[in-house]
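# Structural overview
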Amino acid sequence: SSRSARSLIANDEWITQVHSKISDHVVRHLGACPRLQTLDLSKCERISDNGFLYIAGSCHQLRLLDLTDCTGITDRSLNQLAFGCPELDTIILKGCYNVTDLGLRALSTGCRKLETVILRRCRNITDNGVAPLAKCLSKLRSLDLYSC
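Residues numbered from 1 in each chain as written. Predicted model: local features only at pLDDT ≥ 70, side-chain atom pairs only at ≥ 80, totals over all residues. Heavy atoms only, no water.

### Examining the overall build of the chain
Broken down by element type, the chain carries six helices and six strands. When the helices and strands of the chain are read in sequence order from the N terminus, they spell out α-β-α-β-α-β-α-β-α-β-α-β. Burial status across the chain gives 49% buried among its 148 residues. Counted over contacts in the chain with a minimum sequence separation of 6, partners at least 24 positions apart contribute 76%. (Helix = DSSP H or I, 4+ residues; strand = E, 2+ residues; numbered from the N terminus. Buried < 20%, exposed > 50% of the residue type's maximum accessible area, 1.4 Å probe, protein only. Contact = heavy atoms within 4.5 Å.)

Shown next, in the form of structure tokens:
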């Protein structure tokens, strides 16, 4: 509903939404929040790369992004994020099993301010994806690889 979308957009500096009925339709509207700095989309399984591209393309001040269990997110979103969100310092990808080494390599080159990377339960990453994070992210302080 557009009413719920407006209420989400009302505070464009901090939005938390963990309701699984959130879909690409609402996420597209979040692209109209250029000052957005924190976004929690954890457990929003209905979000895909198609909707997320609006966030990566417009929310250039994004600093914290939680995509826990967003299983529709793939390397395509991470590639866009790497080029569109240079201020990102925390990314949480717990349970994003469609993320692979290619997405992590993109993050390591485009999101140089990353300090915290949480990859718990990301089954499709290997040493080849983690090594560039360690090599390229000089500000990295926390890396969670539990059950990868």
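### Some details on the nonpolar core
Grouped together as the largest cluster of nonpolar side chains are 38 residues, with contacts concentrated most on Leu62, Leu65, Leu67, Leu81, Ile91, Leu93 and Leu107. Looking at this core, the elements that each hand over two or more residues are helix 2 (24-30), helix 3 (49-58), helix 4 (75-84), helix 5 (101-110) and helix 6 (127-136). Leave out the neighbours within four places in its chain, and Leu67 touches Leu41, Ser42, Phe52, Ile73, Ile92, Leu93, Lys94 and Cys96. (Core = buried A, V, L, I, M, F, W, Y, C linked by side-chain atoms within 4.5 Å.)

### Details of the pattern of salt bridges
Under the definition given, this model contains six salt bridges. Taking the shortest distance from any N to any O, the salt bridge between Glu87 and Lys113 comes out at 2.8 Å. Here Glu87, found in the loop between helix 4 and strand 4 (90-92), pairs with Lys113, found in the loop between helix 5 and strand 5 (116-118); they are 26 residues apart in sequence, far enough to count as distant. Within the structure, one salt-bridge network assembled from shared partners comprises Lys43, Asp69 and Arg121. (Salt bridge = Lys/Arg side-chain N within 4 Å of Asp/Glu carboxyl O.)

### As for the packing of aromatic side chains
Under the criterion given, the structure shown has zero aromatic pairs. Across the ring face of Tyr97, the terminal group of Arg123 is positioned such that the distance to the ring centre comes to 4.4 Å. (Phe/Tyr/Trp six-rings, centres within 6.5 Å; stacked < 30°, edge-to-face > 60°. Lys NZ or Arg CZ within 6 Å of the ring centre and 35° of its normal.)

### Notes on the environment of Leu137
Within the secondary structure, Leu137 sits in the loop between helix 6 and strand 6 (142-144). Sequence spacing of Leu137 and Gly110 is 27 residues, and the spatial spacing of their C-alpha atoms is 9.8 Å. Every residue in contact with Leu137, bar those within four places of it in the chain, is listed here: Leu107, Ser108, Cys111, Arg112, Leu114 and Pro132.

### Some details on the side chain of Asp75
By the secondary structure assignment, Asp75 is in helix 4. Comment: no salt bridge for buried Asp75; closest opposite-charge side chain is Arg105, at 8.6 Å. If we ignore the near neighbours within four places in the chain, the residues touching Asp75 are Asn98, Val99, Thr100, Leu102 and Gly103. (Lys, Arg positive; Asp, Glu negative; His and termini not counted.)

### A look at the environment of Ser147
Considering the arrangement of structural elements, one finds Ser147 in the segment after strand 6. What makes Ser147 partly exposed here is its relative accessible area of 47%. Those residues in contact with Ser147, other than ones at most four positions away along the chain, are Arg121 and Cys122.

### Some details on helix 4
All of the buried residues along helix 4 are Asp75, Ser77, Leu78, Leu81, Ala82 and Gly84. Here the buried face of helix 4 lies against helix 3, strand 3 (64-66), strand 4 and helix 5.

In short, the description is geometric, and any link to function would need to be established separately.
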